[in-house]
Amino acid sequence: MDILKEKKNRQYNDYVKKVTPTHSLWGNMWKAFLVGGVICVTGQWITNMGLNLGLEQKDASTWCSVLLVLLSVILTGRGIYQPLAKFGGAGTLVPITGFANSVAAPAIEFQKEGQVFGIGCKIFTIAGPVILYGILAGWALGLIYWILKISGVA
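Everything quoted here is computed from the prediction, not taken from an experiment.

## Description of the overall build of the protein
And then number 1: For the protein, the count of helices and strands is eight helices and zero strands.
And then number 2: Reading the helices (α) and strands (β) of the protein from amino to carboxyl end gives α-α-α-α-α-α-α-α.
And then number 3: For 154 residues, the compact-globule estimate of 2.2 N^0.38 gives 15 Å, and the C-alpha radius of gyration of the protein, at 23 Å, exceeds that figure by more than 25%.
And then number 4: C-alpha atoms of the protein, sized along the principal axes, occupy 75 × 45 × 40 Å.
And then number 5: The buried share among the 154 residues of the protein stands at 20%.
And then number 6: A fraction of 52% describes how many contacts in the protein between residues 6 or more apart in sequence connect residues 24 or more apart.
And then number 7: As presented, the protein carries roughly 11,800 Å² of accessible surface, and 70% of it is formed by carbon and sulfur atoms.
And then number 8: Across the protein, the mean location of the 13 positive side-chain charges is 5 Å away from that of the 7 negative side-chain charges.

Set out below in structure tokens:
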């Protein structure tokens, strides 16, 4: 019995090794750096263009954010962002474009189910918890700051 069990375990382990994809840590880091860098350079270019057109830094930065989100949603809708994210990994997830993609992708995927049950219900599937806990953390930290300010500590 033990020999048969050992043989099955060995066969299973060989199978797992065969089907498990191997990843190169350095390769993945390089791709993330490359793709994230291109996104950030694009954002800096947009900001610089805004400054060259006479916008103040705050306004140029706002336009940069808006245009990067718009570009991300357009690339998501065209089916370009997902292969880019698969290639670039965390390089596409960290910037604001990754957040825009996480909102747009479920909405696009479930639009066939209608405005309410498709887009309305699924649009914040991934981004919803981020927004919820971001607001909750902001509220809690604001409350702590307010209490510290009233008590004279802050």
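## Some details on the confidence of the model for the protein
And then number 1: Scored by pLDDT, the protein has a mean of 86; 92% of the residues are at 70 or more.
And then number 2: Confidence, expressed as mean pLDDT per element, reaches its minimum in the protein at helix α7 (residues 115-122) with 67 and its maximum at helix α2 (residues 25-52) with 94.

## Considerations on helix α4 (residues 81-88)
Turn by turn, an α-helix covers 3.6 residues, leaving residues three or four places apart pointing in a common direction.
And then number 1: Taken as a whole, α4 has its buried residues at Tyr81, Ala85 and Gly88. Seen end-on, α4 carries its buried residues on one side only, within an arc spanning 80°.
And then number 2: Packing partners of the buried residues in α4 comprise α2, α3 (57-77), α5 (90-93) and α6 (96-109).
And then number 3: One or two residues past the end of α4 sits Gly89, with phi positive at roughly 55°.

## Examining the packing of α3 against α6
And then number 1: Two elements in contact, α3 and α6, have axes whose closest approach is 8 Å; the angle formed by their N-to-C orientations is 40°. In terms of their interaxial angle, α3 and α6 are classed as oblique. Note that α3 runs across α6; the crossing there is right-handed. Counting all contacts with α3, which are made through Ser65, Leu68, Val69, Ser72, Val73, Thr76 and Gly77, the residues of α6 involved are Ile96, Thr97, Ala100, Asn101, Ala104, Ala105 and Ile108.
And then number 2: Taken together, the residues that form the contact of α3 with α6 break down as eight nonpolar, six polar and no charged.

## Re the side chain of Thr92
And then number 1: In this structure, Thr92 sits in helix α5.
And then number 2: Residue classification places Thr92 among the buried residues on the basis of a relative accessible area of 0%.
And then number 3: What Thr92 contacts, discounting residues up to four positions off in sequence, is Val35, Ile39, Tyr81, Leu84, Ala85, Thr97 and Gly98.

## Overview of the state of the cysteines
And then number 1: For the structure on display, the rule yields zero disulfides.
And then number 2: Looking at Cys40, it has no disulfide partner, and the nearest cysteine sulfur is the one in Cys64, 9.1 Å off.

## Remarks on the side chain of Thr76
And then number 1: As for its position among the elements, Thr76 is in helix α3.
And then number 2: Every residue in contact with Thr76, bar those within four places of it in the chain, is listed here: Tyr81, Asn101, Ala104, Ala105 and Ile108.

## Focus: the environment of Pro95
And then number 1: Its location among the elements puts Pro95 in the loop between α5 and α6.
And then number 2: C-alpha of Pro95 to C-alpha of Asn48: the two residues are 47 residues apart in sequence and 18 Å apart in space.
And then number 3: Aside from chain neighbours lying at most four places away, what touches Pro95 is Ile39 and Ala90.

The rules behind each value
- Residues numbered from 1 in each chain as written.
- Predicted model: local features only at pLDDT ≥ 70, side-chain atom pairs only at ≥ 80, totals over all residues.
- Heavy atoms only, no water.
- Helix = DSSP H or I, 4+ residues; strand = E, 2+ residues; numbered from the N terminus.
- Rg over C-alpha atoms; globule rule 2.2 N^0.38 Å.
- Buried < 20%, exposed > 50% of the residue type's maximum accessible area, 1.4 Å probe, protein only.
- Contact = heavy atoms within 4.5 Å.
- Areas by Shrake-Rupley, 256 points an atom, 1.4 Å probe, with all protein chains shown as cover.
- Lys, Arg positive; Asp, Glu negative; His and termini not counted.
- Charge placed at Lys NZ, Arg CZ, Asp CG, Glu CD.
- pLDDT = per-residue confidence, 0-100.
- Arc of directions from axis to C-beta.
- Axes fitted to C-alpha atoms, helices over the stretch in contact; angles between N-to-C directions.
- Parallel < 35°, antiparallel > 145°, perpendicular 65-115°, else oblique.
- Left-handed = near helix turned anticlockwise from the far one by under 90°.
- Nonpolar A, V, L, I, M, F, W, Y, C, P; charged D, E, K, R; others polar.
- Disulfide = S-S within 2.5 Å.

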